[in-house]
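Overview (structure and organization)
Here's the letter readout for the chains.
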Amino acid sequence: EKAQSHYQQALKLQQEKLGLHHPTVANTVNNIGNIHRAEGRYSEAAVCYQQALEIYKKQLGPSHPYVATALANLAHTSQSQGEYEKAVELYKQALEIRRKVLGDNHPHVAVVLEHLGEIDEVQNRYKEALAHYGAALKTWRTLLGDRHRDVVVREEWMARCQSKLVEGAQKE
């Protein structure tokens, strides 16, 4: 609650000094959205992310990494509420921008792929989940090496998903 109060105070000052549509204002609005999302107030978070997204698009252009961040935040909020179709569409938009601007082997690209894998897995689309997890794992291996803790965790995700795929095939 204290953090949100400080952000609200900063937002007011930024709006007075920089105007309502400055990227710095959008950053603060996005951060307020992060607080709302962390507290489970998803509709409030979505309003903040949408506001930040509109400012970023207008001020920085539709292919800026901040646009991708706002889209990914909106997607994560939708995913948290079980709105998987909407989340996938938003993640795909974020992924397209991030790949174009940052390249395929960037952590932000890998994170979006992991979220897409999570959605596939929760919807029992294990082959698709394995493809998304595998693409993300390839990036993490490139960036961190085979023995890094984060790579090992993602290997476990792949194993879990592979097990579910096998179990599903055995039931049929």
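Residues numbered from 1 in each chain as written. Predicted model: local features only at pLDDT ≥ 70, side-chain atom pairs only at ≥ 80, totals over all residues. Heavy atoms only, no water.

**Notes on the packing of helix H1 (residues 2–18) against helix H2 (residues 23–38)**
Two quantities define a packed helix pair, namely the angle between the helix axes and the distance between the axes. Orientation of H1 relative to H2, taken along the N-to-C sense of each, is 160°, at an axis distance of 9 Å. Accordingly, the angle class assigned to the pair H1 and H2 is roughly antiparallel. You can see that H1 and H2 cross each other, and the crossing is left-handed. Of the residues in H2, those touching H1 at Ala 3, Gln 4, Tyr 7, Gln 8, Leu 11, Gln 14, Gln 15 and Leu 18 are Thr 24, Val 25, Thr 28, Val 29, Asn 31, Ile 32, Ile 35 and His 36. When the residues that make up the contact of H1 with H2 are grouped by side-chain class, the tally is eight nonpolar, eight polar and no charged. (Axes fitted to C-alpha atoms, helices over the stretch in contact; angles between N-to-C directions. Helix = DSSP H or I, 4+ residues; strand = E, 2+ residues; numbered from the N terminus. Parallel < 35°, antiparallel > 145°, perpendicular 65-115°, else oblique. Left-handed = near helix turned anticlockwise from the far one by under 90°. Contact = heavy atoms within 4.5 Å. Nonpolar A, V, L, I, M, F, W, Y, C, P; charged D, E, K, R; others polar.)

**Digging into the packing of aromatic side chains**
Overall, the coordinates contain two aromatic pairs when judged by the stated rule. A ring pair is formed by Tyr 56 and Tyr 66, whose centres lie 5.2 Å apart and whose planes are at 55°; its orientation type is tilted. Pair noted here: Tyr 56 is in helix H3 (residues 42–60) and Tyr 66 is in helix H4 (residues 65–80), with a separation of ten residues, a long-range link. Look at Tyr 66 and you get partly exposed, because its relative accessible area is 37%. The interplanar angle of 50° and the centroid separation of 5.7 Å between the aromatic rings of Tyr 133 and Trp 157 together place this pair among those described as tilted. Here Tyr 133 is found in helix H7 (residues 126–144), whereas its partner Trp 157 is found in helix H8 (residues 149–171), with 24 residues between them in sequence. (Phe/Tyr/Trp six-rings, centres within 6.5 Å; stacked < 30°, edge-to-face > 60°. Buried < 20%, exposed > 50% of the residue type's maximum accessible area, 1.4 Å probe, protein only.)

**Topic: the nonpolar core**
Of all hydrophobic cores here, the largest spans 42 residues; its most connected members are Leu 71 and Tyr 91. Among the secondary structure elements, those contributing two or more residues to this core are H2, H3, H4, helix H5 (84–102), helix H6 (107–122), H7 and H8. Among residues more than four places away in sequence, those in contact with Tyr 91 are Ala 72, Ala 75, His 76, Gln 79, Val 112, His 115, Leu 116 and Ile 119. (Core = buried A, V, L, I, M, F, W, Y, C linked by side-chain atoms within 4.5 Å.)

**A closer look at unusual backbone geometry**
Glycine aside, a negative phi is what most residues show, and trans is what most peptide bonds show. Positive phi is not limited to glycine here, since Asn 124 has a value of about 60°. Of note, Asn 124 is situated in the loop between H6 and H7. According to the relative accessible area criterion, Asn 124 is exposed, its value standing at 52%.

**Observations regarding H4**
The end-to-end C-alpha distance of H4 is 22 Å, a good match for the 22 Å that 16 residues give at a rise of 1.5 Å each. Every buried residue belonging to H4 is among Val 67, Ala 68, Ala 70, Leu 71, Ala 72, Asn 73, Leu 74, Ala 75, Thr 77, Ser 78 and Gln 79, and all of these are buried. Gly 82 occupies a position one or two residues after H4 and carries a positive phi of about 80°. (Expected span 1.5 Å × (residues − 1).)

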